[in-house]
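Single-letter residue listing:
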Amino acid sequence: MPDPNGFLRYDRRLPARRPVPVRITDWREVYPPAGEALIREQATRCMDCGIPFCHDGCPLGNRIPDWNDLVRTGGWDAAVESLHATNNFPEFTGRLCPAPCEAACVLGIGGGQPVTIKQVEVEIADAAARGGLAPRPAAAPTGRSVAVVGSGPAGLAAAQQLARAGHAVTVYERDDAIGGLLRYGIPDFKLEKQHIDLRLAQLEAEGVRFRTGVNVGVDVTAEQLREAHDAVLLACGALQGRDTPETPGRALRGVHQAMAHLVAANRVVAAGEGRPALAVLPDGTPIDAAGKHVVIIGGGDTAADCLGVAHRQGAAGVHQLDLYPEPPHARDAARDPWPTWPWILRSYPAHEEGGDRVFAAAVLEFVDDGTGQVRAVRIAEVTVEKRDGRRIVTAVPGSERELPADLVLLAIGFEGTEEQPLLAQFGVARNARGAIDARPDWQTDADGVFVAGDMHRGASLIVWAIAEGRAAAAAIHSYLGGVGELPAPVDPERQPLAAR
Ligand SMILES: Cc1cc2nc3c(=O)[nH]c(=O)nc-3n(C[C@H](O)[C@H](O)[C@H](O)COP(=O)(O)OP(=O)(O)OC[C@H]3O[C@@H](n4cnc5c(N)ncnc54)[C@H](O)[C@@H]3O)c2cc1C
Ligand code: SF4
């Protein structure tokens, strides 16, 4: 029986982040482990309210009150079991999820302080990792085989579910390492890569085969894949970066897609662990922000990750531009009533490391230094309104000014999955959002070819990728005539409390 008064005795507390002057000199994670006493205290704040809205806030349907109470009473092994019943990779979500569950926590009603659900989750995950993540191979093989294309969280979650059900699973990844955006997209100060490697060892021990450096559609055709396997899951992400080709000066040196900078920087960090260093952009430009004035355009995860990387590379100064006005700092209940996901100012640890955020600003021009290299961005204050579903951006007269810029990073979102040979070969096409549609049974327009994660959903979240990977795995298992049912947390039509 949970403690009904815990939240009255204890305030919400998170572990202190590593000090800024220390952490920007390295690439290690910002948060140290919380310590058992703090995490048991915080788990005690969960009263098991009876109608746990946090379940619906979590796309995985994590059994949050159950494992909160197990942590409160020190039942770590049972907490590890309970958490893994719904989430293959809590070490990723516990570190990186924006925690829509916390926005839906009953303790948050009326501006209260929700339970630190995500922190409890990561501590359970790390307890599991310390215990060695024992493999759970299938009791017997089914004799059926599945190809998973793409090794991000969607592909990996599906692979683990299918392997545990006895299917022979091969994951094909065009990159030189497994992990999708977790590997080279998300910097180490948010997710150190040993967490991925530990989980991959478990998957391998459960029978999952990994083939890196294989670009499906180029190195192996869709037909070859279909001949070799009984079903195919496409989990290729939504990596088509949005650009701004119409902005004057876009072609100048020093103006780059954010992902080009992030991936190159993350590869340099990874090189310290024995992987190849690619310290230059594809056009040969060094990626280093050291000593440079950096302007990041965009207000989301990718922009914040660029900010943290720029600080660690020693940028002279960083501006981060957001088209929209500064959001409120607390939930506006009239606009976003509890338990929906509120529009509020979201600040990441990277924001306390420095840099200036400029809201309600649009770039009019990237300014040439006379040699073809960017030297500034000319911006204007803007208002943004929606008319007939279209976004109308209007510059405020007389508000134009220049910001110094030697390096400009475009973090203005993604336009769906990339156009690549694999699509036509499998006979699937991008919809108006650049995503691949799924039928209710997760099959694409091509029979036996399934889709999950960002490729189906558009650029989203790790928690959704895992949820969709699990759901697609359940559908594939049933398509292959597998015995029993695999758990499936979501269907493709479900609209979450926390849409993204
Ligand atoms: C910079 C950045 C930071 C982010 N931070 C967060 C965060 O803090 N929290 C959060 O919840 N979400 C975050 N996200 C979003 C999250 O990373 C994605 O939603 C998630 O990784 C999607 O998983 P996925 O498996 O669908 O695809 P991905 O992780 O994109 O993986 C797709 C994989 O498919 C491979 N692939 C593509 N085509 C082929 C082919 N033809 N053959 C073989 N392989 C192929 C790609 O190389 C890639 O490895 C972030 C995204 C970015 C870009
Ligand atoms: S996965 Fe995200 S939404 Fe679900 S319990 Fe963890 S932090 Fe909350």
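Before reading on, note that the structure itself is shown above.
Sequence order as written defines the numbering, with residues in each chain counted from 1. To label them, take the chains in the order written and letter them from A, then take the ligands in the order written and number them from 1. Per-residue local features are limited, in this predicted model, to residues with pLDDT of at least 70; the limit for side-chain atom pairs, both in listing and counting, is 80 or more; totals at the level of whole chains, interfaces and linings are taken over all residues. The basis for the side-chain values is all heavy atoms of the structure; hydrogens and waters are excluded.

A. View of the pattern of salt bridges. Basic side-chain nitrogens of Lys or Arg form a salt bridge, by our definition, when they fall within 4 Å of a carboxyl oxygen of Asp or Glu. Counted by the stated rule, this structure contains 31 salt bridges. With its nearest N and O atoms 2.5 Å apart, the salt bridge here joins R18 to D26. In this structure, R136 and E81 form a salt bridge, with 2.6 Å as the shortest nitrogen-oxygen distance. With R136 in the loop between α9 (117-130) and β1 (145-149) and E81 in helix α6 (residues 76-84), the pair connects residues that are 55 residues apart, well separated along the chain. Assessed through its relative accessible area of 41%, R136 is described here as partly exposed. Residues joined by salt bridges that share partners form a network here, namely R17, R23, R312, E352 and E353. Counting from the N terminus, the helices are DSSP H or I runs at least four residues long and the strands are E runs at least two residues long. Working definition: with a 1.4 Å probe on protein chains only, accessible area under 20% of the residue-type maximum means buried, over 50% means exposed, and in between means partly exposed.

B. Region of interest: the packing of helix α10 (residues 153-164) against helix α18 (residues 462-479). Packing of α10 against α18 brings their axes to within 7 Å, and their N-to-C directions diverge by 40°. In terms of crossing hand, the pair formed by α10 and α18 is right-handed. Across the interface between the two elements, P153, A154, A157, A158, Q161 and L162 of α10 pack against I462, A465, I466, G469, R470, A473, I476 and H477 of α18. The angle between two axes is taken between their N-to-C directions and runs from 0 to 180 degrees, where each axis is a line fitted to C-alpha atoms and a helix contributes only its stretch in contact. By convention the crossing between two helices is left-handed if the near helix lies anticlockwise of the far one by an angle smaller than a right angle, and right-handed if it lies clockwise. The criterion used for residue contact is that any of the two residues' heavy atoms lie within 4.5 Å.

C. Structural view of the site of ligand 2. Around ligand 2 lies a shell formed by C58, N62, I64, T93, C97, A99, P100, C101, I117, K118, E121 and V463. Of all the secondary structure elements, the ones that give two or more residues to the shell around ligand 2 are α8 (100-103) and α9. No other element matches the three residues that α9 contributes to the shell around ligand 2. Near, as used in this document, describes a residue that has one of its heavy atoms within 4 Å of the molecule or strand being considered.

D. Up close: the state of the cysteines. By definition, disulfides here are pairs of cysteine sulfur atoms that lie within 2.5 Å. Summed over the entire model, instances satisfying the criterion amount to zero disulfides. Not engaged in a disulfide, the cysteine C54 finds its nearest cysteine sulfur in C49; these two sulfurs lie 6.3 Å apart. Relative accessible area serves as the criterion here: at 9%, C54 is assigned to the buried category.

E. Geometry of the layout of surface pockets. Only protein atoms enter the 1 Å grid, on which a cavity is a set of points fitting a 1.4 Å probe that cannot get out and a pocket is an open set with protein on both sides within 12 Å along at least 5 of 7 lines, lining residues being those with an atom within 4 Å of a point. Grid points are joined across faces, edges and corners, and a volume is the space filled by probe spheres set on the points. What the second largest pocket holds in volume is close to 460 Å³. For the second largest pocket, the lining is made up of 23 residues, of which E81, H84, R136, R164 and Q202 are closest to its centre. Counting residues per element, the ones that place at least two in the lining of the second largest pocket are α6, α9, α10 and α12 (194-205). When residues in the lining of the second largest pocket are grouped by element, the largest group, five residues, is from α6. Ten residue types, Ala, Val, Leu, Ile, Met, Phe, Trp, Tyr, Cys and Pro, are classed as nonpolar, four, Asp, Glu, Lys and Arg, as charged, and the remainder, Gly among them, as polar. Residues that form the lining of the second largest pocket fall into these classes: nine nonpolar, eight polar and six charged. Either an automatic procedure or a domain database provided the assignment from which the domain bounds are taken. Of the residues that make up the lining of the second largest pocket, three or more belong to each of domain 1 (6-130) and domain 2 (145-239 + 415-499).

F. Local environment of the site of ligand 1. The local shell around ligand 1 holds 36 residues, among which L96, E173, K190, Q420 and D454 are the closest. Whenever a nitrogen or oxygen atom comes within 3.5 Å of another N or O atom, the pair is scored as a polar contact, on the condition that within protein one atom can donate a hydrogen and the other can accept it, and that pairs from neighbouring residues in sequence are kept only if both atoms are in side chains. Note that an oxygen atom of ligand 1 is positioned 2.7 Å from one of the side-chain N or O atoms of E173. Interatomic distance of 3.2 Å between a backbone N/O atom of R174 and a nitrogen atom of ligand 1. Relative to its free-state accessible area of 1000 Å², ligand 1 is covered by the protein chains to the extent of 97%. Listing elements by their share of the shell around ligand 1, those giving two or more residues are α10, β2 (168-173), α14 (258-271), α15 (301-313) and α18. In terms of residues, the shell around ligand 1 owes the most to one element, α15, which gives three residues. Formed jointly, the shell around ligand 1 draws a minimum of three residues from each of two domains, domain 2 (145-239 + 415-499) and domain 3 (286-410). All accessibility values rest on the Shrake-Rupley procedure with a 1.4 Å probe; residue burial counts only the protein chains present in the view.

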